[in-house]
Amino acid sequence: MDTIATRRARPDDADVVEDYHSRCFGRTYAAQLAAGELSPPDRDGVRDQFRGWFAPGADVVTHVVDLGNGP
C-alpha cells in the first residue's frame with residue numbers, strides 16, 4: 001500500500017482548499033442553490049478565512065495531503 005504524506009496546511013494552500021470546498025458545497029447544496037434557498041459562499045472571504053486558519057500560530061490545525069506537486 002502506498003504511503004500518503006500529509007503536512008500542516010500553510011496559507012498558500014488556501015486557494016486549493018477553497019476550490020475543493022466550493023465544489024463540495026455546490027454539489028451538496030445544488031438543489032437549494034438552484035431554488036434560491038441558499039447563496040454560494042463568498043469565495044474570496046472563504047480564502048481569507050482559510051489563510052488565517054492556516055497561518056503559523058493559528059489555533060486551528062488543518063492537514064493536507066502533500067502530493068509533491070503543490071506550493
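Here, the structure is the one placed above.
Quick summary incoming for the structure in this document. Source: prediction; values computed, not measured. Sequence order sets the numbering: in each chain, residues are counted from 1 along the sequence as written. Reporting in this predicted model follows two pLDDT cut-offs: at least 70 for local features of residues, and 80 or more for side-chain atom pairs to be given and counted; totals over whole chains, interfaces and linings ignore these cut-offs and use all residues. Side-chain metrics rest on all non-hydrogen atoms present in the structure, leaving aside hydrogens and water.

## Overview of the pattern of salt bridges
Salt bridge criterion: a side-chain nitrogen from Lys or Arg within 4 Å of a carboxyl oxygen from Asp or Glu. Overall, the coordinates contain 11 salt bridges when judged by the stated rule. The shortest N-O distance in the salt bridge between Asp-15 and Arg-51 comes to 3.0 Å. On the criterion of sequence distance, the pair formed by Asp-15 in helix α1 (residues 14-28) and Arg-51 in helix α3 (residues 43-54) is long-range, its members being 36 residues apart. Only protein chains enter the accessibility calculation, which uses a 1.4 Å probe; a residue whose area is less than 20% of its type maximum is buried, one above 50% is exposed, and one in between is partly exposed. For Asp-15, a relative accessible area of 38% gives the class partly exposed. Here Arg-47 ties to Glu-18 by a salt bridge, and the two come within 3.1 Å at their closest N and O atoms. Of this pair, Arg-47 sits in helix α3 while Glu-18 sits in helix α1; the two residues are 29 residues apart in sequence, bridging distant segments of the chain. The pair Arg-47 / Glu-18 is uniform in exposure class, with both members buried. Three or more residues joined by partner-sharing salt bridges are found here, namely Asp-15, Glu-18, Asp-19, Arg-23, Arg-43, Asp-44, Arg-47, Asp-48 and Arg-51. For the purposes of this entry, the term helix denotes a DSSP run of H or I that reaches at least four residues, the term strand denotes a run of E that reaches at least two, and both are numbered from the N terminus.

## Quick word on the nonpolar core
Put simply, a nonpolar core is a bunch of buried Ala, Val, Leu, Ile, Met, Phe, Trp, Tyr and Cys residues held in one set by side-chain atoms that sit within 4.5 Å of each other. Ala-9, Ala-14, Val-46, Phe-50, Phe-54 and Val-64 form the largest nonpolar core, which has 6 residues in total. A total of 3 residues in this core trace back to one element, the largest contributor, which is α3. Note on contacts: a residue pair qualifies if any of its non-hydrogen atoms lie within 4.5 Å across the two residues. Excluding residues that lie within four positions of it along the chain, Phe-50 makes contacts with Ala-14, Val-17, Glu-18 and His-21.

## What to know about α1
Relative to the 21 Å expected for 15 residues at 1.5 Å per residue, α1 spans 21 Å between its end C-alpha atoms, a close match to the ideal helical length. Those residues of α1 that are buried are in contact with α2 (30-34) and α3. Under the convention used throughout, the expected extent of a helix is 1.5 Å for every residue step, that is, one less than its residue count.

## Quick notes on the packing of α1 against α3
Think of each axis as a best-fit line through the C-alpha atoms, taken over the contacting stretch in the case of a helix, with angles from 0 to 180 degrees between the N-to-C directions. Relative to each other, α1 and α3 sit at 130°, their axes nearing to 9 Å. One way to sum up the angle between α1 and α3 is to call them oblique. Viewed along their axes, α1 and α3 form a crossing whose handedness is right-handed. Residues Ala-14, Asp-15, Val-17, Glu-18, Asp-19, His-21 and Ser-22 of α1 form the contact with α3, whose own contacting residues are Arg-43, Val-46, Arg-47, Phe-50, Arg-51 and Phe-54. Residue polarity is assigned by list, with Asp, Glu, Lys and Arg as charged and Ala, Val, Leu, Ile, Met, Phe, Trp, Tyr, Cys and Pro as nonpolar; anything else, Gly included, falls into the polar class. Across the contact of α1 with α3, the residue classes break down as 5 nonpolar, 2 polar and 6 charged. To sort the angles, those under 35 degrees are grouped as roughly parallel, those over 145 as roughly antiparallel, those from 65 to 115 as roughly perpendicular, and the leftovers as oblique. Rotating anticlockwise by less than a right angle from the far helix to the near helix defines a left-handed crossing, while the corresponding clockwise rotation defines a right-handed one.

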